[in-house]
Amino acid sequence: MISTGDFSPTSLDHSRELGVIVTDTSTLKAVQALFSRDVAGIPAQPTPIPSPTVALPTPAPIANGYTPAYFDASRDGHTRGHHTRGDRDTAASRARANRNAALCRRDTHQDRAADPSLSLAYTGSPCP
Amino acid sequence: MVRLVLEQQPYGMGSYAADPAYNFLQTYVGQVRWGGQLAFRYTHASYLVADGARTFIGSMSWTDTGLGANRELGLIDTDPRVASAGERVFNADWNQRKLHSAPNAVVVSPDGARARILSLIATAHKSIDIYTERLTDPAIIRALIASHDYGLQVRVVTPSDASLASVHRHHLQVNDRSPAVYGCQSHDRRRQDAA
């Protein structure tokens, strides 16, 4: 079974999760091979995050008054096994937006690659 | 047509975590709704149905960590029954309606997943291999212990201290040292302690 859930009461009783039971032999072999590597402690190669390449239209200002330069996906606070707390107030959000805007003005892919928290950029838009 | 259901307060955090994604997607996609008001608390499902025909179901959140650092597993399924079942669940959640009966083609929480998992464990003959972030459900732990006692090989890869405590107590084989489990503080701390 491959599923979005885990084996906890929260997941099984209180969350929307979806899974599928797999019987395809080739898929099962691939999963078994991966599992065996992990059990044996063979290091995995993390998938590199590609540089943003899709140009999006100019973003409209959103409700809190600034035009976002980036959607900061890794600030969802979710790290595996532990959940960190993100910014709780608008001031922190604005500070982050200002930092993102500054990075947008520098506007090089190297800058973005150097900061893994920046994952999705409005490459076609003017900086705020 | 692109529609998305998002969790507003992932794992009990405030909406500050999800609001930027919601605003971003509402700007560019338009059809975005918060999930989980009636039959369940959290929208943790990460799946996608394309053209009503192809389905992606994966354990990962669609974040840098989920897609680039954690050990996660997903499947692209071309079975139209799975796509149809996924759309049925999606439409129920999109319209804030309860799912009165879970479709058989998929395993759905909180609508019968535990029974399906227990059935899968009960029908295993030789071995059970598990990746999971958390293994704390008493019924599932009891079923794994019973399988282990019956002679099946049971292996678990988990980064969770709570899971480790549960399975260690019952002598199931656990790998808590896998370098594939990135981003886990308990794992890193354990490695540091060992060093």
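Heads up: these notes are all about the structure in this document. (Residues numbered from 1 in each chain as written. Chains lettered and ligands numbered in written order. Predicted model: local features only at pLDDT ≥ 70, side-chain atom pairs only at ≥ 80, totals over all residues. Heavy atoms only, no water.)

1. Let's talk about empty space enclosed by the protein
For the record, the criterion: Cavities and pockets were defined on a 1 Å grid built over protein atoms only: a cavity is a set of grid points that admits a 1.4 Å probe from which the probe cannot escape, a pocket is an open set flanked by protein on both sides within 12 Å along at least five of seven lines, and lining residues are those with an atom within 4 Å of any such point. Grid points are joined across faces, edges and corners, and a volume is the space filled by probe spheres set on the points. Runs of H or I in DSSP of at least four residues are treated as helices and runs of E of at least two as strands, each being numbered from the N terminus. Nonpolar residues are Ala, Val, Leu, Ile, Met, Phe, Trp, Tyr, Cys and Pro. Charged residues are Asp, Glu, Lys and Arg, and all others, Gly as well, are polar.
This structure, assessed with the given rule, holds three cavities of 30 Å³ or more. Taken together, 13 residues make up the lining of the largest cavity; nearest its centre are Ser 3 and Leu 12 of chain A together with Ser 109, Ala 113 and Ile 117 of chain B. Contributing elements (two or more residues each) for the lining of the largest cavity: helix 1 (9-14) of chain A together with strand 7 (107-109) and helix 4 (113-122) of chain B. No other element matches strand 7 of chain B, which puts three residues into the lining of the largest cavity. Within the lining of the largest cavity, the residues separate by chemical class into seven nonpolar, four polar and two charged.

2. Concerning the nonpolar core
Counted only if it meets this: The criterion is simple. A nonpolar core is a set of buried Ala, Val, Leu, Ile, Met, Phe, Trp, Tyr and Cys residues joined through side-chain atoms within 4.5 Å. Exposure is judged per residue with a 1.4 Å probe applied to protein chains only, and the accessible area is read against the type maximum: over 50% gives exposed, under 20% gives buried, and values in between give partly exposed. In this description, contact between two residues means that some pair of their heavy atoms is separated by no more than 4.5 Å.
In terms of nonpolar packing, the biggest core is built from 19 residues, with Leu 18 and Val 20 of chain A together with Tyr 47, Ile 57, Val 89, Val 106 and Val 108 of chain B touching the most fellow members. Secondary structure elements with two or more residues in this core: strand 2 (15-20) of chain A together with helix 3 (80-94) of chain B. Ranked by residue count, the leading element in this core is helix 3 of chain B, at six residues. Setting aside its immediate chain neighbours within four residues, Val 89 of chain B contacts Arg 16 and Leu 18 of chain A together with Tyr 47, Leu 99, Pro 103 and Val 108 of chain B. Membership of the second largest hydrophobic core comes to 17 residues, among which are Ile 140, Ile 145, Val 154 and Val 156 of chain B.

3. Concerning the pairing of strand 2 of chain A
As a reminder of what qualifies: When DSSP finds two or more bridges between a pair of strands, those strands are recorded as paired.
Among the six residues that make up strand 2 of chain A, six are buried, leaving the element largely enclosed by the rest of the structure. Judged by which residues are buried, strand 2 of chain A turns out to be covered on both faces: Ser 15, Glu 17 and Gly 19 of chain A on one side and Arg 16, Leu 18 and Val 20 of chain A on the other are all buried. Where strand 1 (residues 2-3) of chain A meets strand 2 of chain A, two bridges bridge the pair, whose relative direction is antiparallel. Bridging from a neighbouring strand, Ile 2 of chain A pairs with Val 20 of chain A of strand 2 of chain A. With three bridges joining them, strand 2 of chain A and strand 7 of chain B adopt antiparallel strand pairing. Bridging across to strand 7 of chain B, Leu 18 of chain A finds its partner in Val 108 of chain B.

4. Some details on the pairing of strand 5 (residues 54-58) of chain B
All names here are of chain B. Summarising the sheet, strand 4 (residues 47-50) and strand 5 pair through four bridges and their orientation is antiparallel. Bridged to Val 49 within strand 5 is Thr 55. Here strand 4 hands over to strand 5 after three residues, with Asp 51 in that stretch at a positive phi of 55°. As defined by bridge partners, strand 5 adjoins strand 6 (residues 74-77) across four bridges and the pair is classed as antiparallel. By the bridge assignment, Phe 56 is partnered in strand 6 with Ile 76.

5. Some points on the packing of aromatic side chains
Residue and element names in this part refer to chain B. To keep it simple, the criterion reads: Each pair of aromatic rings taken from Phe, Tyr and Trp, with Trp reduced to its six-membered ring, is defined by centres within 6.5 Å and is described as stacked if the planes are under 30 degrees apart, edge-to-face if over 60, and tilted in the remaining cases.
Taken as a whole and assessed by the stated rule, the structure comprises five aromatic pairs over all chains. Arranged with centres 5.1 Å apart and planes meeting at 55°, the rings of Phe 24 and Tyr 28 form a pair that is tilted. In this pair, Phe 24 and Tyr 28 both sit in helix 1 (residues 19-28), four residues apart, roughly one turn of the helix. Under the relative-accessibility criterion, Phe 24 is labelled buried at 8%. Between Phe 56 and Trp 62, the aromatic rings sit 6.4 Å apart at their centres with planes inclined by 50°, giving tilted as the arrangement.

6. Notes on the side chain of Asp 111 of chain B
Put simply, the test is: We define a polar contact as two N or O atoms separated by no more than 3.5 Å, with the added condition that, inside protein, one atom must be a possible hydrogen donor and the other a possible acceptor, whereas residues neighbouring each other in sequence contribute only through side-chain atom pairs.
Among the secondary structure elements, Asp 111 of chain B is positioned in the loop between strand 7 and helix 4. Among the polar contacts listed, one links the side chain of Asp 111 of chain B to the side chain of Arg 16 of chain A, at a separation of 2.8 Å. Filtering out sequence-adjacent residues up to four positions away, Asp 111 of chain B remains in contact with Arg 16 of chain A together with Leu 99 and Ala 102 of chain B.

7. A word on helix 5 (residues 138-150) of chain B
We count it as follows: Expected helix span is computed as 1.5 Å times (number of residues minus one).
The end-to-end C-alpha distance of helix 5 of chain B, which contains 13 residues, comes to 18 Å, matching closely the 18 Å that a straight helix rising 1.5 Å per residue would cover. Regarding helix 5 of chain B, the residues found buried are Ile 140, Ile 141, Ala 143, Leu 144, Ile 145 and Ser 147 of chain B.

8. Quick notes on the pattern of salt bridges
A pair can form between side chains of opposite charge whenever their charged atoms are brought close. Note the threshold: Throughout this description, the term salt bridge denotes a Lys or Arg side-chain nitrogen within 4 Å of a carboxyl oxygen of Asp or Glu.
All chains considered together, the criterion is met by 10 salt bridges over all chains. We note a salt bridge from Asp 6 of chain A to Arg 134 of chain B, for which the minimum N-O separation is 3.2 Å. You can see Asp 6 of chain A sitting in the loop between strand 1 and helix 1 and its partner Arg 134 of chain B sitting in the loop between strand 8 (127-131) and helix 5, one on each of two chains. Overall, the relative accessible area of 5% leaves Asp 6 of chain A in the buried class.

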